[in-house]
Amino acid sequence: MFIAMNRFQVKIGSEAAFETVWRTRESYLSNMAGFVEFHLLKGPVLEDHTLYSSHTVWVDKAAFEAWTKSEEFRRAHARADNKTGESLYLGHPKFEGFEVILSERKSSAAA
């Protein structure tokens, strides 16, 4: 398994707009072979930003890389914009990719 994460430093006061962008966009992820699941995570509120992370699980790194080279990827990111025109972020998102080495799951785990 491979986990792809992007960390976003969202300006204070821009959280609702940021979440709306994600809620209203077409991701096209479900069209992709090897896609498992997606989560948008909200982290701590700091002095000048709120930390968010997109968390996407793939069957392997090759499936993720195929996504990044796909037409679906280009379409999803072309429409992931802020309608106000002003940047919602401090800096650029930071990508982090992880190969899963070990997993453990409770058999009756609830979502």
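Model, not experiment: these values are computed from the prediction.

What counts, and at which threshold
Residues numbered from 1 in each chain as written. Predicted model: local features only at pLDDT ≥ 70, side-chain atom pairs only at ≥ 80, totals over all residues. Heavy atoms only, no water. Pairing = 2+ DSSP bridges. Helix = DSSP H or I, 4+ residues; strand = E, 2+ residues; numbered from the N terminus. Axes fitted to C-alpha atoms, helices over the stretch in contact; angles between N-to-C directions. Buried < 20%, exposed > 50% of the residue type's maximum accessible area, 1.4 Å probe, protein only. Arc of directions from axis to C-beta. Contact = heavy atoms within 4.5 Å. Core = buried A, V, L, I, M, F, W, Y, C linked by side-chain atoms within 4.5 Å. pLDDT = per-residue confidence, 0-100.

Before going further, it helps to examine the sheet that holds strand β4 (residues 94-99). On the basis of which strands lie adjacent, the open sheet formed by four strands has the order β2-β3-β1-β4 and antiparallel pairing. Each having just a single partner strand, β2 (35-45) and β4 make up the two edges of the open sheet. Ignoring which end each strand starts from, the neighbouring axes of this sheet average 20 degrees apart. Pairing of β2 with strand β3 (residues 49-58) involves eight bridges; the strand directions are antiparallel. Opposite Leu40, over in β3, you have Ser54 as the bridge partner.

This part covers helix α2 (residues 61-68). Inspection of α2 places Ala63, Phe64 and Trp67 among the buried residues, and these make up the whole buried set. Along the long axis of α2, the arc covered by the buried residues comes to 100 degrees, so they all point the same way. On its buried side, α2 packs onto β1 (2-11), β3, α3 (71-78) and β4.

In this section: the environment of Lys94. Mapped onto the elements, Lys94 comes out in strand β4. Taking the C-alpha atoms as reference, Lys94 lies 18 Å from Ala78; in sequence the two are 16 residues apart. For Lys94, the residues in contact, after removing those within four places along its chain, are Met5, Asn6 and Arg7.

Core analysis: the biggest nonpolar cluster contains 10 residues, these being Phe2, Ala4, Tyr28, Leu29, Met32, Trp58, Ala63, Phe64, Trp67 and Ala76. Elements with a minimum of two residues in this core: β1 and α2. Of all the elements, α2 adds the most residues to this core, at three residues. Judged by nonpolar contacts, the second largest core, of seven residues, contains Phe18, Val21, Trp22 and Tyr52.

Averaged over the protein chain, the pLDDT score is 91; the fraction of residues at 70 or greater is 91%. Mean pLDDT values for the elements of the protein chain range from 88 in α3 up to 98 in β3.

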